Amino acid sequence: MDPKPESTDEPPRADEPPRADEPPRADEPPRADEPPRADDGTPVPGLSLFEPREGAETAGPEAGPEPPARRRRTRRVLLWTLSALLVLALGAGGALFWTVEHYASSVTRIPDAFPTAPQSAQPAPVPGSGLNLLLVGLDARSDVPTTGSGAKGPVWQEGAARSDTMMLLHLADDRRSASLVSLARDTWVDVPGHGRAKLNAAYSWGGPALMTETVQNLTGIRIDHLAVVDWNGFRALTDAVGGVDITVPRTIEAVGEARAWEAGTHHMDGAQALLYVRERYGLPGGDLDRTKRQQNFLRALMLRIMDSGTLTSPSRLGGLLRSVGEVVSVDDRLSNTDLFQLAWGLRSLRADDVRFMNAPFGGFDTRDGQSVVLLDEQPAAQLWEAMRNDRMPRYFQEHRAGDTLGADVD
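These numbers come from a predicted model, not from an experiment.

Draft legend 1. Focus on the overall build of the protein. Looking only at helices and strands, one finds 9 helices and 13 strands in the protein. Out of the 410 residues in the protein, the part that is buried amounts to 40%. By sequence separation, contacts in the protein at least 24 residues apart represent 69% of the contacts at least 6 residues apart. Accessible area for the protein stands at about 23,600 Å²; split by element, carbon and sulfur atoms hold 53% of it.

Draft legend 2. View of the packing of aromatic side chains. Evaluation of the coordinates by the stated rule reveals 3 aromatic pairs. On the basis of an interplanar angle of 85 degrees and a centroid distance of 5.8 Å, the ring pair of tryptophan 261 and tyrosine 276 is categorised as edge-to-face. You can see tryptophan 261 sitting in the loop between strand S8 (244–248) and strand S9 (264–268) and its partner tyrosine 276 sitting in helix H4 (residues 270–278), a full 15 residues away along the chain. The same class applies to tryptophan 261 and to tyrosine 276, which are both buried. Positioned over the ring face of phenylalanine 114 is arginine 333, at 3.9 Å from the centre of the ring. Here the basic side chain of arginine 355 rests over the ring of phenylalanine 396, its NZ or CZ set 4.4 Å away from the ring centre.

Draft legend 3. Representation of helix H2 (residues 201–219). Taking 1.5 Å as the rise per residue, H2 with 19 residues should run 27 Å; its terminal C-alpha atoms sit only 17 Å apart, a clear shortfall. The largest bend along H2 reaches roughly 135 degrees and is located at glycine 207, with the proline proline 208 sitting one to four residues downstream. With 14 of its 19 residues buried, H2 lies for the most part within the structure. With its phi angle positive at about 75 degrees, glycine 220 sits one or two positions after the end of H2.

Draft legend 4. Region of the structure containing the nonpolar core. In terms of nonpolar packing, the biggest core is built from 44 residues, with Leu171, Phe234, Phe297 and Leu298 touching the most fellow members. When residues in this core are grouped by element, the largest group, 6 residues, is from helix H5 (residues 287–307). Leave out the neighbours within four places in its chain, and phenylalanine 297 touches Trp231, Phe234, Thr238, Val244, Ile246, Ala273 and Val277. Listed in part, the 35 residues of the second largest apolar core include Ala113, Leu134, Met357 and Trp384.

Draft legend 5. Looking closely at unusual backbone geometry. Even without a glycine there, the phi angle at aspartate 112 is positive, about 55 degrees. Its place among the elements puts aspartate 112 in the loop between strand S1 (108–110) and strand S2 (131–138). The class for aspartate 112 is exposed, based on a relative accessible area of 66%.

Draft legend 6. Main features of the pattern of salt bridges. Under the criterion given, the structure shown has 4 salt bridges. Aspartate 190 is paired through a salt bridge with arginine 196; the nearest N and O atoms lie 3.4 Å apart. Accessibility expressed as a relative area gives 47% for aspartate 190, which makes it partly exposed. You can call arginine 196 partly exposed: its relative accessible area is 42%. Note that aspartate 365 is salt-bridged to arginine 367, the shortest N-O span being 3.1 Å. Judged by relative accessible area, which is 30%, aspartate 365 ranks as partly exposed. Residue arginine 367 is classed as partly exposed on the basis of its relative accessible area, which comes to 30%.

Draft legend 7. Expanded view of the environment of alanine 178. Within the fold, alanine 178 resides in strand S4 (residues 178–183). With near-sequence residues (within four places) excluded, alanine 178 lies in contact with Leu169, His170, Leu171, Leu349, Asp353, Val354 and Arg355.

Draft legend 8. Summary view of the pairing of strand S5 (residues 188–191). In this structure, S5 lies alongside strand S6 (residues 195–198), joined through 4 bridges in antiparallel fashion. Bridge pairing in S6 places aspartate 190 opposite arginine 196. The antiparallel pairing of S5 with S6 creates a hairpin that spans 3 residues between the two strands, and glycine 193 there sits at a positive phi of about 85 degrees.

Draft legend 9. Broad picture of helix H7 (residues 336–344). For H7, the full list of buried residues reads Asn336, Leu339, Phe340, Leu342 and Ala343. Considered in projection along H7, the buried side chains sweep an arc of 160 degrees and stay on one side of the axis.

Draft legend 10. Just the pairing of S8, in detail. Of the two faces of S8, the one lined by Val244, Ile246 and Val248 is fully buried and the one lined by Asp245 and Thr247 carries no buried residue. For S8 and S9, the ladder comprises 5 bridges, and the chain directions are antiparallel. Its bridge partner being in S9, isoleucine 246 is matched across the sheet by histidine 266.

Procedures and definitions
- Residue positions are counted from 1 within each chain, in the order its sequence is given.
- Thresholds applied to this predicted model are a pLDDT of at least 70 for local features of residues and 80 or more for the giving and counting of side-chain atom pairs; totals over whole chains, interfaces and linings are not thresholded and use all residues.
- With hydrogens and water set aside, each side-chain value is computed from the structure's full complement of heavy atoms.
- Each helix corresponds to a stretch of at least 4 residues labelled H or I by DSSP, and each strand to a stretch of at least 2 residues labelled E; elements are numbered beginning at the N terminus.
- With a 1.4 Å probe rolled over the protein chains alone, any residue whose accessible area is under 20% of its type maximum counts as buried; one over 50% counts as exposed, and the rest are partly exposed.
- Note on contacts: a residue pair is in contact if any heavy atoms of the two residues lie within 4.5 Å.
- Calculation of accessible area relied on Shrake-Rupley with a 1.4 Å probe; when residues are assessed, cover is drawn exclusively from the protein chains displayed.
- Any pair of Phe, Tyr and Trp rings, taking the six-membered ring for Trp, is counted once the centres come within 6.5 Å. Such a pair is stacked with planes under 30 degrees apart, edge-to-face with planes over 60 apart, and tilted for the rest.
- Only Lys NZ and Arg CZ are tested; either one counts as a charge over a ring when it is within 6 Å of the ring centre and within 35 degrees of the ring normal.
- By this rule the span expected of a helix is its residue count minus one, scaled by 1.5 Å.
- Consider a residue and the seven residues that end there alongside the seven that start there; fitting an axis to each set, the bend is the angle between those axes.
- Each nonpolar core is a collection of buried residues, namely Ala, Val, Leu, Ile, Met, Phe, Trp, Tyr and Cys, held together in the definition by side-chain atoms within 4.5 Å.
- What counts as a salt bridge is simple: a side-chain nitrogen of Lys or Arg found within 4 Å of a carboxyl oxygen of Asp or Glu.
- Strand pairing requires that DSSP identify at least two bridges connecting the strands.
- The arc under discussion is defined with respect to the helix axis, by the directions toward the C-beta atoms.

The structure is reproduced here in structure tokens:
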């Protein structure tokens with residue numbers, strides 16, 4: 001007799017392991033070495049980033065899943081590494097921010113530096129036309145600084161000093177060019193509330209605000225910011241950058257208190273540079289040649305700063321702001337961030353992108369018993385229009401014969 005066939009629906013014995021093609025029984029817990037399975041019996045993939053991917057090779061036939069303690073250690077190492085990198089990055093950024101804020105804060109701010117006249121009585125600002133700064137140089141002779149963090153007194157006292165130098169600095173809106181125009185201190189102008197007088201008298205009578213208003217009325221250009229420069233303090237700034245190289249094209253004989261200069265290139269420290277920019281006796285053009293010397297010095301100083309890579313290094317830029325703070329005071333509308341952005345925005349500027357010139361000269365004259373300088377009004381009007389509308393490169397192309405600063409400066 002044939003043996004009775006086994007029933008296919010007979011449950012397996014309790015001591016018999018389930019077959020490979022059979023899901024585990026509902027009443028039986030999964031084995032420790034078996035991955036978790038879904039309701040249909042398919043394995044559930046692991047959720048840990050540190051478990052090997054499906055099909056990945058293991059260390060060997062005996063290799064099993066990574067122990068939980070090792071996975072925790074790996075996570076801790078990664079977390080500590082990421083945290084350390086984050087702290088270093090934030091620390092470097094914080095140190096840079098502190099450096100910039102600290103040194104920019106050392107630059108003295110000038111309150112009430114702008115005219116109080118109604119806005120309708122002032123030149124209207126032209127959007128997208130760059131930035132216009134009025135630079136005022138003081139003729140202080142004392143060794144005590146008159147501006148900056150080391151100043152012993154206010155930037156201006158009525159009648160105490162007349163401005164020695166006035167320069168309009170125009171920075172193109174794209175910061176690819178800059179133009180610096182000197183106004184002779186003896187330029188005959190209208191000073192609001194005082195009538196006709198020399199330009200430098202405005203600073204003596206009404207300080208930065210009256211000087212700014214006078215220049216705005218003369219040029220029709222809206223002044224965005226003001227900087228007062230102590231030429232005496234430039235000794236320290238010149239020494240801070242290691243001195244400047246200035247070429248004297250021909251030998252200049254000593255006249256009175258003026259020293260002699262031999263033809264050739266001179267590496268000048270701060271004291272020598274100060275003598276160079278202050279001298280006007282023995283120069284053919286008097287004060288006009290003196291302004292060219294001041295421009296020549298500023299050009300040499302700019303080249304020195306550019307060659308050192310200061311403008312492309314945020315940390316070095318902070319050091320430059322510290323040195324500038326000793327000799328320059330700025331209006332209180334110029335914040336620390338504005339100062340840094342202003343300097344940082346010039347990092348791509350090259351020496352050939354900066355043009356220096358005197359305002360168009362119309363001759364010398366005598367007014368009210370004073371020797372004065374007259375502007376050539378029509379060329380001056382063309383210059384002011386170009387600066388007002390950010391068209392200075394075109395202006396220099398069309399007026400190559402203007403009184404621009406050349407390579408040879410007496």
